[in-house]
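Architecture at a glance
The primary structure of each chain is shown beneath.
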Amino acid sequence: MTVATVGVHIVDILARPVDHIPEGQDTVLVDQIRLTAAGAAAGTAVDLVKLGHSVVTMGAVGDDELGDFLLMVLAKRGVDVSCLVRRAGERTAASVLPIRPDGGRPSFHVPGANLSVTYADLDAAVLRGARAIHLGGVDVTFGLGDPAFFALLDEVRAAGVIVTMDLLSEMADLLAMARAFLPHVDYVLPNETQALLMTGEPDPEAAARALLADGPKGVLVTLGASGSLVVTPEAAERVPAVKTDVSDTTGCGDAYCAGFLTGLLHGQDVTSAARWGAAAAARVATGLGSDAGLTDLDSLLSLLKDPQ
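I will try to describe carefully the structure that is included in this document. Here the structure is a predicted model, which means the values were calculated and not measured.

Next up on the list: the pairing of strand 11 (residues 218-222). Burial of strand 11 is extensive: five of the five residues sit out of reach of the surface. Side chains of strand 11 alternate between two faces, with Gly 218, Leu 220 and Thr 222 and Val 219 and Val 221 buried alike. Two elements, strand 10 (residues 187-189) and strand 11, share two bridges in a ladder whose sense is parallel. The residue of strand 11 that forms the bridge with Val 188 is Val 219. As defined by bridge partners, strand 11 adjoins strand 12 (residues 228-231) across four bridges and the pair is classed as antiparallel.

Put into C-alpha cells, the structure is as follows:
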C-alpha cells in the first residue's frame, strides 16, 4: 500500500443549512442531508484515494449498523478496510453536524470504538510496507501511545517512510498526552486552537516552535481562512488559504493533510506541499461533508495554477 491511515473513524450525519435548533418538536426544512465516512483517519483515507494513492486504514468500529455503513462507504470509495477491527458490543463513532449557512459546524458526537484502539489492533507488517503513514486523531486513540508503536514508527521512519500526524479534539488533557508522539513523527498538523492548548504558548508561531522542539521535522498549524503556518528548523512561512465559496468546513483539516502528504510523496518541499494541502482543503469546503468537493489530483493542481 502507498499510504496507511491509523486512528479515528467516524460516521458523519450532516444537515445544511441550519441556523437554529427548533423548539419542541418543530420541523425545519433543509436543503441537504448526507451520511459520510469521516474522522482524522477515515476522512483522510478517502481524500488520499481521490488523489491517486492506494490506501489501507486501521482502527476500530463497532459491530452495529453504523459500522456496517462505514465499512461499506469506505470500500466504495476505494479504501482497503481489511485491517479495520470490529468491536463486539461497542458503538461506531458518529457525529451529527448541523451546518450553519456560513459553513460553520457545531457537532454532537459519540466517540464509540475509537477510544479502545491499541497497538494490538494494527498490522505491523502492512505498516512496514507503506510509503507513508498518517496518524489521525492520536489524542483520542490514546491507547496507541505504546512504546512498541513508537518503536515501530522509529523503525519505519529510519527506512524512509513518511509519518504525519493530525489531531481531533480540543481538550487540553488529551492534547497534552499526544505530545508523546512528536519525537516519532515527521510532521504534525494541528489547528491553531490545538497548537495553543498543547503548548500554552500565546501565538501560533511560538506554539509551533515549542512543538518542533519535541522532535518532528516540521509543524504545520492550520489557521482556517487565514491559511496555515509552516515551521521547520530553517524557517517559518505563511501559506495563504485558497479562495473559494465555502459551503461546509467539515473535513477541511483532513483534506489539508491528504494534500500535504500527496505533495511530499510527489517530491515537493514542505512549503509547496502545504500549498497542495491548502488547495485540497479549498476543494472540500465547496461541498457538504468530508468527502465532498475534492475529485482528483488534476483538479487540485489546476486550482494551484489558477487560485482565483
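Here we come to the packing of helix 8 (residues 252-265) against helix 9 (residues 270-284). At their nearest, the axes of helix 8 and helix 9 sit 7 Å apart, and the two run at 140° to each other. Every pair of crossing elements has a handedness; the one defined by helix 8 and helix 9 is right-handed. Across the interface between the two elements, Cys 252, Ala 255, Tyr 256, Gly 259, Phe 260, Thr 262, Gly 263 and Leu 264 from helix 8 touch Val 270, Ala 273, Ala 274, Trp 276, Gly 277, Ala 278, Ala 280, Ala 281 and Val 284 from helix 9. Grouping the constituent residues of the contact of helix 8 with helix 9 by class yields 13 nonpolar, four polar and no charged.

Overall, mixed pairing links the nine strands, which are arranged 5-4-1-8-9-10-11-12-13 in an open sheet. Of all strands in the sheet, those with a lone pairing partner are strand 5 (84-87) and strand 13 (236-239), marking the two edges. Averaged over neighbouring strand pairs, the angle between their axes works out to 15° when direction is ignored. In terms of strand pairing, strand 9 (residues 162-166) meets strand 10 through three bridges, oriented parallel. Residue pairing for strand 10: Met 165 is matched across the bridge by Val 188. Along the sheet face, helix 7 (residues 204-212) touches strand 11, strand 12 and strand 13 and points at about 150° away from the line of strand 11.

The rules behind these values
- Residues numbered from 1 in each chain as written.
- Predicted model: local features only at pLDDT ≥ 70, side-chain atom pairs only at ≥ 80, totals over all residues.
- Heavy atoms only, no water.
- Buried < 20%, exposed > 50% of the residue type's maximum accessible area, 1.4 Å probe, protein only.
- Helix = DSSP H or I, 4+ residues; strand = E, 2+ residues; numbered from the N terminus.
- Pairing = 2+ DSSP bridges.
- Axes fitted to C-alpha atoms, helices over the stretch in contact; angles between N-to-C directions.
- Left-handed = near helix turned anticlockwise from the far one by under 90°.
- Contact = heavy atoms within 4.5 Å.
- Nonpolar A, V, L, I, M, F, W, Y, C, P; charged D, E, K, R; others polar.

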